[in-house]
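Next come the chains, spelled out residue by residue.
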Amino acid sequence: MAAGFLEFILRRVAGFAGVFLVLALMIFVLARVVPGDPARIALGPTASAEQVAQLRDEMGLDDPLPMQFIDFLGGAIRGDFGNSLISGQPVAQEIAALLPATLELVLVTLVIMLSLGVPLGVLAARYRNSAFDAVLRIVSLVGVTMPSFLFAILLQLGAAYWLTDWPILGRLSRDFTGFEGPTGLLVLDGVLTGRFDIAADALRHLAFPAIALAMSGIGQIMRITRSAMIEHRRRDHVQTLRSFGVPARVVTFRYLLKLSAIAPLTIMGLEFASLIGNAFVVEMVFSWGGFASAGLEAILQKDLNTVMAVVLVSGGFFVVANLVIDVVIGLIDPRIRIKESR
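All values derive from a computational prediction rather than experimental measurement.

> Could you give me a rundown of the overall build of the protein chain, with the residues and numbers involved?
A count of helical and extended segments in the protein chain gives 16 helices and zero strands. Within the protein chain, contacts between residues separated by at least 24 positions form 72% of all contacts whose residues are at least 6 apart in sequence. Of the roughly 18500 Å² that the protein chain leaves accessible, carbon and sulfur atoms contribute 67%.

Okay, structure coming up:
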């Protein structure tokens, strides 16, 4: 069994390595067909032709395209994306400074999605076709269809009217300006350094952005969990358990929930990967200053090196998240890896 599971993991890793290689190639090709000379954009319209030619040489833009791609791929593997065409700073250094803010926001968002979406989906399935189920379905529909930036604005307006002391901008209060921790995740850093006041303040700042970002995911997970629970409830072995008098609570939480966990886990993996790159709207509303909003700014400024790095890092998170989810699903349901080994 261990050998079979190891083979399953190696097959998955090889497949996702191929996906990452194709992703890097697509990013490189798209970056090269974008209108405009990256060197000219970086130096501005007043730069001389000699200055532009020198920067093109430094960036390797005059090399053959296959050589440019090999250099780009090798640098990406080493974590070297060159310098920003706008700030002149190493792109990897800028990403390392901004990524923890977005990562912390996304992780808290996922916790909210999981802790609310799954229980509500279970309850909706258990009380199927009741008034309670109808209300939950309406709530999930609103969560899925309403954009996250609208939730963000509504939360800010509600806080301004009812919760005047609640923070709605930034990651920390002014009293803690200048605090730096080992990981950049402020809640975790506050705990690790014994500054529980900073951890509590960071959680307060995280609350509204994470809730706004989580609403769509909560609706999706709730609907998918409900559908999966209803489908698995019709299975013969579940009906057998109920016919032997096993309490409905035990059947629901010990058997049905495990069988129905695959679909929500898949959604969680996709949500984690997509939120890394798509959290920019909420970050902008709450002045979060994270990786996602910096990526949007780089696109608007045509900072080619930063754009390529942001897209590749976001795609890398997508690949890794799906790899982890596939492994977890393989642990939950061995039938999946047995089917693939045939």
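> Talk me through helix α6 (residues 131–145); I want residue IDs and the actual numbers.
The terminal C-alpha atoms of α6 lie 21 Å apart, and with 15 residues this matches the ideal 21 Å at 1.5 Å per residue to within 8%. Along α6, the residues that are buried comprise D133, L136, S140 and G143. The arc enclosing the buried residues of α6, seen along the axis, measures out at 85°, which places them on a common side. Along α6, exposed side chains directed more than 90 degrees from the buried face belong to A131, I138 and T145.

> Give a detailed account of the packing of helix α7 (residues 148–161) against helix α9 (residues 196–233), specifying residues and quantitative values.
The interhelical angle for the contact between α7 and α9, taken along N-to-C directions, is 145°, at an axis separation of 8 Å. Between α7 and α9 lies a crossing whose hand is right-handed. Contact with α7, carried on its side by S148, F151, A152, L155 and A159, involves F208, I211, A212 and M215 of α9 and no other residues of that element. For the contact of α7 with α9, the class distribution of residues is eight nonpolar, one polar and no charged.

> I'd love a proper account of the environment of V310, names of residues and values included.
Counting through the fold element by element, V310 comes out in helix α15 (residues 304–332). Overall, V310 belongs to the buried group, its relative accessible area being 13%. Sequence-wise, V310 and V91 are 219 residues apart; in three dimensions their C-alpha atoms are separated by 9.1 Å. With residues up to four places along the chain from it excluded, the contact list for V310 reads I95, F291 and G295.

> Report on a nonpolar patch on the surface, specifying residues and quantitative values.
On the surface, F149, L150, I153, L154 and L157 cluster together to form a nonpolar patch covering roughly 430 Å² of accessible area. Note that I153 resides in helix α7.

> I'd love a proper account of the packing of aromatic side chains, names of residues and values included.
Counted under the stated rule, the structure contains six aromatic pairs. Between the aromatic rings of Y127 and F132, the centroid separation amounts to 6.1 Å while the plane-to-plane angle is 90°, which identifies the pairing as edge-to-face. Residue classification places F132 among the partly exposed residues on the basis of a relative accessible area of 39%. An aromatic cluster of three or more residues is present, and its members are F28, F69 and F72.

> Go over the nonpolar core with me, naming the residues and quoting the values.
Counting residues in hydrophobic clusters, the biggest one holds 64 residues, and the most contacted among them are F72 and M113. At 13 residues, the largest contribution of residues to this core is made by α9. Those residues within four positions of F72 in sequence are excluded, and the remaining contacts are A24, I27, F28, M308 and L312.

> Requested: an account of the packing of α9 against helix α12 (residues 262–278), with residues and values cited.
One can describe the packing of α9 onto α12 by two numbers: an axis separation of 9 Å at closest approach and a directional angle of 160°. Between α9 and α12, the crossing angle belongs to the class labelled roughly antiparallel. Seen along the crossing, α9 lies across α12 with a hand that is right-handed. For the pair α9 and α12, contact is made by L213, G217, Q220, I221, I224 and T225 and by A263, P264, I267, M268, E271 and L275, respectively. Here the residues of the contact of α9 with α12 sort into eight nonpolar, three polar and one charged.

The rules we used
Residues numbered from 1 in each chain as written. Predicted model: local features only at pLDDT ≥ 70, side-chain atom pairs only at ≥ 80, totals over all residues. Heavy atoms only, no water. Helix = DSSP H or I, 4+ residues; strand = E, 2+ residues; numbered from the N terminus. Contact = heavy atoms within 4.5 Å. Areas by Shrake-Rupley, 256 points an atom, 1.4 Å probe, with all protein chains shown as cover. Expected span 1.5 Å × (residues − 1). Buried < 20%, exposed > 50% of the residue type's maximum accessible area, 1.4 Å probe, protein only. Arc of directions from axis to C-beta. Axes fitted to C-alpha atoms, helices over the stretch in contact; angles between N-to-C directions. Left-handed = near helix turned anticlockwise from the far one by under 90°. Nonpolar A, V, L, I, M, F, W, Y, C, P; charged D, E, K, R; others polar. Patch = residues over 30% accessible without salt bridge, like charges linked within 9 Å, V, L, I, M, F, W, Y side chains within 5 Å. Salt bridge = Lys/Arg side-chain N within 4 Å of Asp/Glu carboxyl O. Phe/Tyr/Trp six-rings, centres within 6.5 Å; stacked < 30°, edge-to-face > 60°. Core = buried A, V, L, I, M, F, W, Y, C linked by side-chain atoms within 4.5 Å. Parallel < 35°, antiparallel > 145°, perpendicular 65-115°, else oblique.

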